[in-house]
Structures are given as structure tokens and as C-alpha cells.
Amino acid sequence: MIIQINNVVNAIIYAAIGIVIFAGAFLVLDKLTPYNLWKEIVQEHNLALAILLGAMSLGLCVIIAAAVH
């Protein structure tokens, strides 16, 4: 029983670390672009940018998952 609780706690900790790293990387990516990503996607309805950002997010998540695992 203790081993199962320990595994759940470890999974939560690693998930939190991955989310924090992803959020930090996303903020850096947002600062490196010459325009505001959120404004371009939500207000200007830039579908191409949304697809590109989604693909970049998935790639970043795969790299972070491999590093944390």
C-alpha cells in the first residue's frame, strides 16, 4: 500500500515539474516572437499560428516528458 502511494506522489511531482518547465518554455517562446501570440490567435483568429503553436507545444512536451522520465 505504501509503495502505491509513493508511486502516486512521484507521478504528481514529475507531472508538476513537467508543467512548470513547459509553462516556462512557452513564456520564453512568447517573448522571442515579435508579436503577442495570445492576441494573434484569439483576437486576430490566426489559424495558421494556432496550428504551428500546437505542433511546437506537442514537440516540446515530448522532449520534456523524455527528460523527466
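Described in the following lines is the structure provided in the data block. The structure presented is a predicted model; accordingly, all values stated were derived computationally and were not measured. (Residues numbered from 1 in each chain as written. Predicted model: local features only at pLDDT ≥ 70, side-chain atom pairs only at ≥ 80, totals over all residues. Heavy atoms only, no water.)

1. Looking at the overall build of the protein chain
The test is simple: Only DSSP runs of H or I reaching four residues or more are called helices, and only runs of E reaching two or more are called strands; each is numbered from the N terminus. Whether a residue is buried, partly exposed or exposed follows from its accessible area with a 1.4 Å probe, protein chains only, as a fraction of its type maximum: under 20%, in between, or over 50%, in that order. Per-residue accessibility takes into account occlusion by the displayed protein chains alone, with areas from the Shrake-Rupley method and a 1.4 Å probe.
Scanning the protein chain from N- to C-terminus turns up three helices and zero strands. The secondary structure elements of the protein chain, listed N-terminal to C-terminal, are α-α-α. Dimensions of the protein chain, computed from the C-alpha atoms along their principal axes, are close to 50 × 20 × 15 Å. Burial analysis of the protein chain (69 residues in total) assigns 9% to the buried set. Summing over all exposed atoms, the protein chain offers an accessible surface of approximately 5500 Å²; the carbon and sulfur share of this is 75%.

2. Let's talk about the environment of F26
Note the cut-off: In this analysis, two residues are considered to be in contact whenever any of their non-hydrogen atoms come within 4.5 Å of each other.
Mapped onto the elements of the fold, F26 is located in helix α1 (residues 2–32). For F26, a relative accessible area of 26% puts it in the partly exposed group. Separated by 27 residues in sequence, F26 and L53 place their C-alpha atoms 9.5 Å apart. Non-local contacts of F26, meaning those with residues more than four positions away in its chain, are made with L37 and L53.

3. Observations concerning the packing of α1 against helix α3 (residues 47–68)
Selection criterion: Comment: axis = line fitted to C-alpha atoms, over the contacting stretch for helices; angle = value between 0 and 180 degrees taken between N-to-C directions. When an angle is under 35 degrees it counts as roughly parallel; over 145 it counts as roughly antiparallel; between 65 and 115 it counts as roughly perpendicular; any other value is oblique. Less than a right angle of anticlockwise turn of the near helix away from the far helix marks a crossing as left-handed, whereas a clockwise turn marks it as right-handed. All amino acids are sorted into three groups, where Ala, Val, Leu, Ile, Met, Phe, Trp, Tyr, Cys and Pro are nonpolar, Asp, Glu, Lys and Arg are charged, and the leftover types, Gly among them, are polar.
For the pair α1 and α3, interaxial distance at closest approach is 10 Å and the crossing angle is 140°. With respect to their mutual orientation, α1 and α3 come out oblique. As α1 runs across α3, the sense of the crossing is right-handed. Facing α1, whose interface residues are Y14, I17, G18, I21, F22, A25, F26 and L29, α3 presents L53, M56, S57, L60, C61, I64 and V68. Across the contact of α1 with α3, the residue classes break down as 13 nonpolar, two polar and no charged.

By themselves these figures say nothing about function.
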